[in-house]
Amino acid sequence: MGHLAESMTRATRAAVAVLRLPAAALLALALALVAAQAGAQRFEQGLLWRVEGGGAAVSHVFGTIHVDEPRVTALPPLAARALDSSRSLTVELSLDPANVLALANRMVLQDGRDLAGIVGPELFGKTTVITARLGLPEQVLRLFKPWAAALMLMMPQQNPENVLDYVLVRTATERGKPVHELESVSEQVDVFEGMAEADQVALLKHAVADFERMPRTIDRLVKAYLARDLAAMSSISQEGSNDSAETRRLNELFVQRVLDTRNVRMADRMQTRLKEGGAFVAVGALHLYGGRGVLALLERRGWRVTRVY
């Protein structure tokens, strides 16, 4: 059981009738489209944003990248000052023991099947070659659900306790600031488990095919992040999505479930902290990007959003 728990922890290191309208409605639609395009352009650059409104003290939203790269975890001075002056920290999800255990339990099959039986011998064989290099034995891999095995291959091999998001949590805790979460483990898992099993298998197949390129992709994402280039990060994350109709469909599904749907939920749940004022909210940088990102959603709810860094 200890070996399984260790393997699960390793895995966690391992997360898209106009002509009949009256003229006034057409004008409103045109203005909305212009606003959406302007929003997309506004939210293409920048990691730290000031959020104001409703008479509350100024809050900040900060974009993170889920890696333990020292160049990333050394906070820019403006972000460090914003965190230091904040009343609270809000993250997507904290890495407390209860959450880790809940995640590990949701990652494993409990219906009598194993991964090899679901994905077939060829894909399972290719997966075992990779996971053996990661220190995960075949008998443990068999326990994984397809989405969980895919995520393990898509995440960089690193110590999650040193990832930027959890460095922020540790810093806030040491300073006596309350830490809040925007999502539960169950909600994050449902993003992937709610996919059809065939799509989960397709996701694993893509992760296996892409595994050797992943370090270079992550390096490019880190460089784009350090340049505060959200548009470049989005472009890099979607490379290869036009290889085939099936890949495009899978990518659109992934973006819709991993980004768009969660953006709405996170923007909604930020409201309490923003109304309290003095909040420092940290979410993955891609959640900030574009007209469907968290920042654009906050503007539509009446908040003033201004780039700081």
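What you are looking at is a predicted structure, and each value in this text was computed from that prediction instead of being measured.

> Describe in detail the overall build of the protein chain, supporting the description with residues and values.
Tallying secondary structure elements over the protein chain gives 16 helices and 6 strands in all. Taken over 309 residues, the protein chain has a buried fraction of 47%. Here the protein chain has roughly 15000 Å² of accessible surface; of this, 55% comes from carbon and sulfur atoms.

> Could you give an account of helix H12 (residues 197-210), naming the residues involved and the relevant values?
Relative to the 20 Å expected for 14 residues at 1.5 Å per residue, H12 spans 20 Å between its end C-alpha atoms, a close match to the ideal helical length. Turning to H12, its buried residues number three or more, namely Asp199, Gln200, Val201, Ala202, Leu203, Leu204, Ala207, Val208 and Asp210.

> So what about the pairing of strand E3 (residues 88-91)? Which residues, and what values?
Going residue by residue along E3, you find Ser88 and Thr90 tucked away on one face and Leu89 and Val91 tucked away on the opposite face as well. Inspection of the sheet shows E3 paired to strand E5 (residues 279-284) by 4 bridges, in the parallel sense. Residue pairing in the sheet places valine 91 in a bridge with alanine 282 of E5. Sheet topology places E3 next to strand E4 (residues 179-181); 3 bridges connect them, and they run parallel. When the sheet's bridge partners are listed, valine 91 is paired in E4 with glutamate 181.

> How would you sum up the packing of aromatic side chains? Please name residues and give values.
The full count for this structure, using the stated rule, is 4 aromatic pairs. Seen in terms of ring centroids, phenylalanine 62 and phenylalanine 280 are 5.8 Å apart; in terms of plane orientation they differ by 45°. Their pairing is tilted. A residue pair is termed long-range when its members are at least 10 positions apart, and phenylalanine 62 in strand E2 (residues 56-64) and phenylalanine 280 in strand E5 qualify at 218 residues. Ring plane angle 50° and centroid distance 6.2 Å describe the contact between phenylalanine 192 and phenylalanine 254, whose orientation is recorded as tilted. Here phenylalanine 192 is found in helix H11 (residues 185-193), whereas its partner phenylalanine 254 is found in helix H15 (residues 245-276), with 62 residues between them in sequence. One aromatic cluster in this structure is built from Trp147, Phe192 and Phe254. Over the ring of tyrosine 309 we find arginine 228, and its NZ or CZ is 4.0 Å from the ring centre.

> Requested: an account of the pairing of E5, with residues and values cited.
For E5, a buried count of 6 out of 6 residues is recorded, marking the element as mostly surrounded by other parts of the structure. One ladder, built from 5 bridges, connects E2 with E5; its direction is parallel. Among the inter-strand pairings, phenylalanine 62 is bridged to a residue of E5, identified as alanine 282.

> Break down the nonpolar core for me, with residues and values.
Counting residues in hydrophobic clusters, the biggest one holds 47 residues, and the most contacted among them are Phe62, Leu89, Tyr225, Met270, Phe280 and Leu298. Of all the elements, helix H13 (residues 214-226) adds the most residues to this core, at 6 residues. Those residues within four positions of phenylalanine 280 in sequence are excluded, and the remaining contacts are Leu48, His60, Phe62, Ala79, Ala82, Leu83, Ser86, Ser88, Leu89, Thr90 and Leu168.

> Break down unusual backbone geometry for me, with residues and values.
At arginine 228, a position not held by glycine, the phi torsion is positive, near 60°. Residue position: arginine 228 is located in the loop between H13 and helix H14 (230-237). For arginine 228, a relative accessible area of 30% corresponds to the partly exposed category.

> How would you sum up the packing of H12 against H15? Please name residues and give values.
Any two packed helices are characterised by the angle at which their axes cross and by the distance between the axes. Close contact between H12 and H15 brings their axes to 11 Å; oriented N to C, the two are set at 105°. Judged by the inter-axis angle, H12 sits roughly perpendicular to H15. Where H12 approaches H15, its residues Asp199, Ala202 and Leu203 are matched on the opposing element by Glu246, Arg249, Leu250, Leu253 and Phe254. Tallied by class, residues from the contact of H12 with H15 come to 5 nonpolar, no polar and 3 charged.

What counts and what doesn't
Within each chain, residue numbers correspond to sequence positions counted from 1 in written order. For this predicted model, a pLDDT threshold of at least 70 governs which residues receive local features, and a threshold of 80 or more governs which side-chain atom pairs are given and counted, while totals over whole chains, interfaces and linings are taken from all residues. To obtain the side-chain values, all non-hydrogen atoms of the structure were used and water was disregarded. Secondary structure elements are defined from DSSP: runs of H or I of at least 4 residues count as helices, runs of E of at least 2 residues count as strands, and each element is numbered from the N terminus. Using a 1.4 Å probe on the protein chains alone, a residue whose accessible area is under 20% of its type maximum counts as buried, one over 50% counts as exposed, and one in between counts as partly exposed. What sets the accessible areas is the Shrake-Rupley method with a 1.4 Å probe; for residues, cover comes only from the shown protein chains. The span one expects for a helix is its residue count, reduced by one, times 1.5 Å. For two strands to be treated as a pair, DSSP must find no fewer than two bridges joining them. Think of it this way: a Phe, Tyr or Trp ring, Trp meaning its six-membered ring, pairs with another when their centres are within 6.5 Å, and the plane angle makes it stacked under 30 degrees, edge-to-face over 60, tilted otherwise. We call a charge positioned over a ring when the NZ of a Lys or the CZ of an Arg lies within 6 Å of the ring centre and within 35 degrees of the ring normal. The term nonpolar core refers to a set of buried residues drawn from Ala, Val, Leu, Ile, Met, Phe, Trp, Tyr and Cys, joined through side-chain atoms within 4.5 Å. Every residue pair with non-hydrogen atoms within 4.5 Å of one another is taken to be in contact. Note on definitions: angles span 0 to 180 degrees between N-to-C directions of axes, and those axes are lines fitted to C-alpha atoms, for helices only across the stretch in contact. The labels follow the angle: roughly parallel below 35 degrees, roughly antiparallel above 145, roughly perpendicular from 65 to 115, and oblique for the rest. Note on residue classes: Ala, Val, Leu, Ile, Met, Phe, Trp, Tyr, Cys and Pro are nonpolar, Asp, Glu, Lys and Arg are charged, and everything else, Gly too, is polar.

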